[in-house]
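Analysis of the macromolecular model
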Amino acid sequence: MQGTNNFDDLLGNLRETEPYIADEGFTSGIIARLPEAEQLPAWLSNLILLVFTAMGSGIAAWQLPVSKMVSFTTSSITSLPAFSSIPMIGVGATITFLLSYVIIWLVHSDAI
Amino acid sequence: MEIDDQTLIERVLDKGDEHAFSELVKRYQSQLRYSLRQLTGWDEALADDLAQETFIKAYKSLKQFKGKAKFFTWLYRIAYNCFAAYYRSHKAELQLNDEDIPDPGFNPELASDLHRDFARALKAFEPQQRMALHLSFQRQLSHSEISEVMEIPLGTVKSYISRGQDKLKQQMISWQSGV
């Protein structure tokens, strides 16, 4: 049985002295090689977005009295003193576009 | 407080959280790399390549991890498959290299030599038996756990270990008198 005890001691020694292998860039090497999460191609995601937007707009136009709303909005805007002139409408539209652009840019740049 | 493996796995699966996966790699890299060094006759470069392949495969198939076994046990199954596949595809080349290996000297003063010598002694066995011996002697897995990791019958595991133990004792005889 001496041989068995010695072998058991040897195995015990082997387990107790197992060295810790320092990472030294091993983990970062693996993370760098990980496959990217599967994403739809840009053209397909744009197409899906376009189709659903068109469907949503179609349903909204079908359900709502669009012509009445447009004529009401137009008459309301033109009756306002500040928007009675064409240049003022142009300025308002420009500000709206600029604000929209800034918001879209902020969203795409992950700033918000 | 350390976050448990299952929570980290869920973060990877739900949010694609690479940081959570890197925590898992950091947690097990040393043990897995050590095991693969043992299995490859202490070929550090090969062992690290296989460990890297193991973690990447684990990441890709993480959805298949059901949480029934420990994550580490599941990782070993992948590691064993990578190791076995490597040996299948490089069998002829490895047999030639083995013939060229000089008889390794040893120095009982240095613990690291014990690890290297044990790894070299394991090289005398076929990869499947080598893995079974390593999991039993180094990782102290039960025979049924080894059977589960390696997906081989329990009887085969028992046979591998009982026969392998006698041969290993002979090969490590110098160390046993030194222990």
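A brief look at the structure comes next. (Residues numbered from 1 in each chain as written. Chains lettered and ligands numbered in written order. Predicted model: local features only at pLDDT ≥ 70, side-chain atom pairs only at ≥ 80, totals over all residues. Heavy atoms only, no water.)

1. Details of the packing of aromatic side chains
Taken as a whole, this structure holds twelve aromatic pairs over all chains when the rule is applied. With a centroid separation of 5.7 Å and 85° between ring planes, the pair formed by Phe7(A) and Phe137(B) is classed as edge-to-face. One end of the pair, Phe7(A), is in helix 1 (residues 2-16); the other, Phe137(B), is in helix 7 (residues 127-137), on a second chain. The exposure classification of Phe7(A) matches that of Phe137(B), with both residues buried. Ring geometry for Phe71(B) against Trp74(B): centres 5.8 Å apart, planes inclined by 35°, an arrangement best described as tilted. Linking Phe71(B) with Trp74(B), this pair stays in helix 4 (residues 71-89), spanning three residues, or about one helical turn. Put simply, the rings of Tyr28(B), Phe65(B), Phe71(B), Phe72(B), Trp74(B) and Tyr76(B) touch in pairs and so form one group of aromatic residues. When the ring centre of Phe26(A) is taken as origin, the NZ or CZ atom of Arg33(B), which lies over that ring, is 4.4 Å away. (Phe/Tyr/Trp six-rings, centres within 6.5 Å; stacked < 30°, edge-to-face > 60°. Helix = DSSP H or I, 4+ residues; strand = E, 2+ residues; numbered from the N terminus. Buried < 20%, exposed > 50% of the residue type's maximum accessible area, 1.4 Å probe, protein only. Lys NZ or Arg CZ within 6 Å of the ring centre and 35° of its normal.)

2. With respect to the interface of chain A and chain B
Contacts between the two partners involve 25 residues from chain A, matched on the other side by 34 residues from chain B. Taken together, the two surfaces of chain A and chain B that pack against each other cover about 2900 Å², and 68% of this comes from carbon and sulfur. Ranking the residues of chain A by area buried against chain B places Leu14(A), Ile21(A) and Phe26(A) at the top, with a combined share of 23%. At the junction of chain A with chain B, the criterion picks out one salt bridge. Of the charged contacts, one joins Glu18(A) and Arg139(B) as a salt bridge, the two residues approaching to 2.8 Å between their closest N and O atoms. Remark: the boundary between chain A and chain B carries ten residue pairs in polar contact (both at pLDDT 80 or more). (Contact = heavy atoms within 4.5 Å. Buried area = accessible area lost by both parts, 1.4 Å probe. Salt bridge = Lys/Arg side-chain N within 4 Å of Asp/Glu carboxyl O. Polar contact = N/O pair within 3.5 Å; in protein donor to acceptor, adjacent residues only side chain to side chain.)

3. Considering the side chain of Arg37(B)
Relative to the helices and strands, Arg37(B) is located in helix 2 (residues 18-39). Here Arg37(B) is in contact with Ile21(A), Trp42(B), Asp43(B), Glu44(B), Ala47(B), Asp48(B) and Ala119(B), once residues within four sequence places are set aside.

4. Here's the deal with the environment of Gln29(B)
By the secondary structure assignment, Gln29(B) is in helix 2. Ignoring sequence-local partners within four residues, the contact set of Gln29(B) consists of Tyr20(A), Ile21(A), Ala22(A), Asp23(A), Phe26(A), Thr27(A) and Phe55(B). Within the structure, Gln29(B) has its side chain in polar contact with the side chain of Tyr20(A) (distance 3.4 Å).

5. Focus on the environment of Gln171(B)
Residue and element names in this part refer to chain B. Its location among the elements puts Gln171 in helix 9 (residues 154-171). Separated by 49 residues in the primary sequence, Gln171 and Leu122 place their C-alpha atoms 9.1 Å from one another. Leaving out residues up to four positions away in the same chain, Gln171 has contacts with Ala121, Ala124 and Phe125.

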